[in-house]
Amino acid sequence: MSLQAHFIASLIVFLLSFPSYYSLPGISEASDYDASAGRVYPWYPSTIQGRNFGSKIMSSKMGRSLAAVKTFNVNDYGAKGDGSDATKAFNNAWKAACSSSQGSVLVVPKHKNYLLKPITFEGPCKSSITLQIYGTLQASTDRSAYSRDLTRWLVFENVQNLAVEGGGTINGNGKIWWENSCKVNDDLSCKDAPTALLFYNCKNLVVKNLKIQNSQKMHVSFEKCVGVEVSGLTITAPVDSPNTDGIHVTHTQNIQISSSVIGTGDDCISIVSGSQKVQATGITCGPGHGISIGSLGDGNSEAHVSDVTVNGATLTGTTNGVRIKTWQGGSGSASNIKFQNIEMHNVKNPISIDQKYCDQDKPCKSQSRAVQVQNVLYQNIKGTSSSSEAIQIVCSEKFPCKGIVLQGIDLRGGGKAVKAECNNAKITEKGNVSSSST
């Protein structure tokens, strides 16, 4: 073979072997891989920022060619899946997966039951990582196991490019905590309880297709996270379980929550200070306390929440509908908020803004300062109210609510007369706005 022919043949072999994804925009070695479906997660969210939110799902063929992943199984690290303590095995399996220089998948097998004490899955990891939960994770019911930090059970901290999914179950075994809550027994002193699943300081995060139940306190919390896609969650706890919020969002930006069913003893979704660009769509809520922004301004604190959209939700039998709640004496603002296309079925207080919120045994002190509530749209909200006041907008005398728009509101009392109460608020009505007994 001539030197020229040999060179050309070598060049062809080189080009064929060169990773094809280097030529594709938006795909990098940090892409994650769903081993069960051959899928890639390029970590570039979001519609809020002008692009498709969350993971782009590639074809199986392309996924296999673009992403080389390494699979880890918790059973290979000593987990038995028979209900015995698997905390050490999970910790070791996570460390191995997190330290892999190629994308990794950590598998929790189906038809297995793993008991876990408090555990932190800590980053940063060397590459993207997917936790596939097919089996069941059970919280330890030994309250002394949480003595180091009563507020945490499962924690993902400082992790980027993370997906947690798989269709499995996370069970907080919260009954022992509820029974020892001061909200259930007045004779007990008030103590904290763990959040079942906490994501802290994570970036580019997908959480989907999980069943989360009977949390000790809150079920899922996103704190100081950026770029989050949440979908397909089923979150359940008894209606009388205290403080068991479904999804809690705090100091988090660019988060989309969709296609989830939530029924607990507290807010289905709670959005508190430091949260921006929050979208919730396709939410089924009830029982529980509804979908809430707040509470804000507790203890005379400064709080800010902005650019929140709840578009498409069904609430049934909840003690509130869509509400904004702020304490007297706080400061800051809750602004640019939309509640749209919402169905209410036998809901108490379907629409509520309460700038005099007070969640304590003693009456709250009257204070002039307040968190400013402004630019709030209620649009196409229909259904039935179980309370006599279907609309309650009670605002501060010194910091009245501004830019409140009611459009296409049709709330009825199911045979009982219902009314609206509005104090210290500048309200614009557009289209049909009605509350009636029929």
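Structure's up top.
Residues numbered from 1 in each chain as written. Predicted model: local features only at pLDDT ≥ 70, side-chain atom pairs only at ≥ 80, totals over all residues. Heavy atoms only, no water.

1. A closer look at unusual backbone geometry
Phase 1 of the analysis: The amide bond that connects G286 to the next residue, P287, takes the cis arrangement and shows omega of 0 degrees.
Phase 2 of the analysis: Its location among the elements puts P287 in the loop between β20 (275–285) and β21 (291–296).
Phase 3 of the analysis: Unlike most non-glycine residues, N214 shows phi in positive territory, near 50 degrees.
Phase 4 of the analysis: Relative to the helices and strands, N214 is located in the loop between β14 (203–213) and β15 (220–223).
Phase 5 of the analysis: Here N214 falls in the partly exposed class, since its relative accessible area comes to 24%.
Phase 6 of the analysis: The phi dihedral of N341 falls on the positive side, at around 55 degrees, and the residue is not glycine.
Phase 7 of the analysis: By the element assignment, N341 lies in strand β24 (residues 331–347).
Phase 8 of the analysis: Judged by relative accessible area, N341 falls into the partly exposed class, the value being 36%. (Helix = DSSP H or I, 4+ residues; strand = E, 2+ residues; numbered from the N terminus. Buried < 20%, exposed > 50% of the residue type's maximum accessible area, 1.4 Å probe, protein only.)

2. As for the state of the cysteines
Phase 1 of the analysis: Enumeration according to the criterion identifies five disulfides in this entry.
Phase 2 of the analysis: Between the sulfur atoms of C98 and its disulfide partner C125 the distance amounts to 2.1 Å. Looking along the S-S bond of the C98-C125 disulfide, the torsion reads about -105 degrees, which is the left-handed sense. Note that C98 is positioned in helix α3 (residues 87–98) and C125 in the loop between β7 (119–122) and β8 (129–133), a separation of 27 residues in sequence.
Phase 3 of the analysis: The disulfide partner of C358 is C364, and the S-S distance across this bridge is 2.0 Å. Between C358 and C364, the S-S dihedral sits near 90 degrees, and the bridge is therefore right-handed.
Phase 4 of the analysis: A residue is classified by how much of its surface remains accessible, and C364, at 24% relative accessible area, is partly exposed.
Phase 5 of the analysis: Lacking any disulfide linkage, C225 is separated from the closest cysteine sulfur, that of C202, by 4.7 Å. (Disulfide = S-S within 2.5 Å.)

3. Digging into the pattern of salt bridges
Pairing of side chains with opposite charge becomes possible as their charged atoms draw close.
Phase 1 of the analysis: With the rule as written, the count across this model stands at ten salt bridges.
Phase 2 of the analysis: Its salt-bridge partner being K325, residue D267 comes within 3.5 Å of it at the nearest N-O pair. Linking D267 in the loop between β18 (253–263) and β19 (269–271) with K325 in strand β23 (residues 322–327), this pair joins segments that are 58 residues apart in sequence. (Salt bridge = Lys/Arg side-chain N within 4 Å of Asp/Glu carboxyl O.)

4. Points about the packing of aromatic side chains
Phase 1 of the analysis: This model, assessed by the stated rule, comprises nine aromatic pairs.
Phase 2 of the analysis: Here the aromatic rings of F121 and F156 are separated by 4.8 Å at their centres, their planes lie at 25 degrees, and the arrangement is stacked. Taken together, the positions of F121 in strand β7 and F156 in strand β10 (residues 152–157) put the pair 35 residues apart, joining distant regions of the chain. You'll find F121 and F156 in the same group, each marked buried.
Phase 3 of the analysis: Geometrically, the ring pair formed by Y146 and W177 is edge-to-face, given 5.1 Å between the ring centres and 90 degrees between the ring planes. Placement of the pair is Y146 in the loop between β9 (136–139) and β10 and W177 in helix α4 (residues 175–179), with a sequence separation of 31 residues.
Phase 4 of the analysis: Y146 sits in the buried class, given a relative accessible area of 1%. (Phe/Tyr/Trp six-rings, centres within 6.5 Å; stacked < 30°, edge-to-face > 60°.)

5. Some details on the nonpolar core
Phase 1 of the analysis: Grouped together as the largest cluster of nonpolar side chains are 94 residues, with contacts concentrated most on F90, F199, F222, F339 and Y378.
Phase 2 of the analysis: Those residues in contact with F339, other than ones at most four positions away along the chain, are I293, V310, V322, R323, I324, V376, L377, Y378, Q379 and I381. (Core = buried A, V, L, I, M, F, W, Y, C linked by side-chain atoms within 4.5 Å. Contact = heavy atoms within 4.5 Å.)

6. Here we look at the pairing of β10
Phase 1 of the analysis: Burial within β10 is extensive, with five of its six residues counted as buried.
Phase 2 of the analysis: The sheet contact formed by β7 and β10 spans four bridges and is parallel. Bridge assignment links E122 to a residue of β10, and that residue is E157.
Phase 3 of the analysis: Looking at chain direction, β10 and strand β13 (residues 195–200) are connected through five bridges and run parallel. Looking at the pairing, V155 lines up with L198 of β13. (Pairing = 2+ DSSP bridges.)

7. Remarks on the sheet that holds β10
Phase 1 of the analysis: Strand order in the open sheet formed by eleven strands is β7-β10-β13-β15-β17-β19-β21-β23-β25-β27-β29, with parallel pairing between adjacent strands. The sheet is open, and its two borders are formed by β7 and β29 (419–423), each paired with just one other strand. Along the sheet, successive strands turn relative to each other by an average axial angle of 15 degrees, direction set aside.
Phase 2 of the analysis: Sheet contacts for α3: β7 and β10; angle to β7, the most-contacted strand, approximately 5 degrees. (Axes fitted to C-alpha atoms, helices over the stretch in contact; angles between N-to-C directions.)

Purely geometric stuff here, so don't read any function into it on its own.
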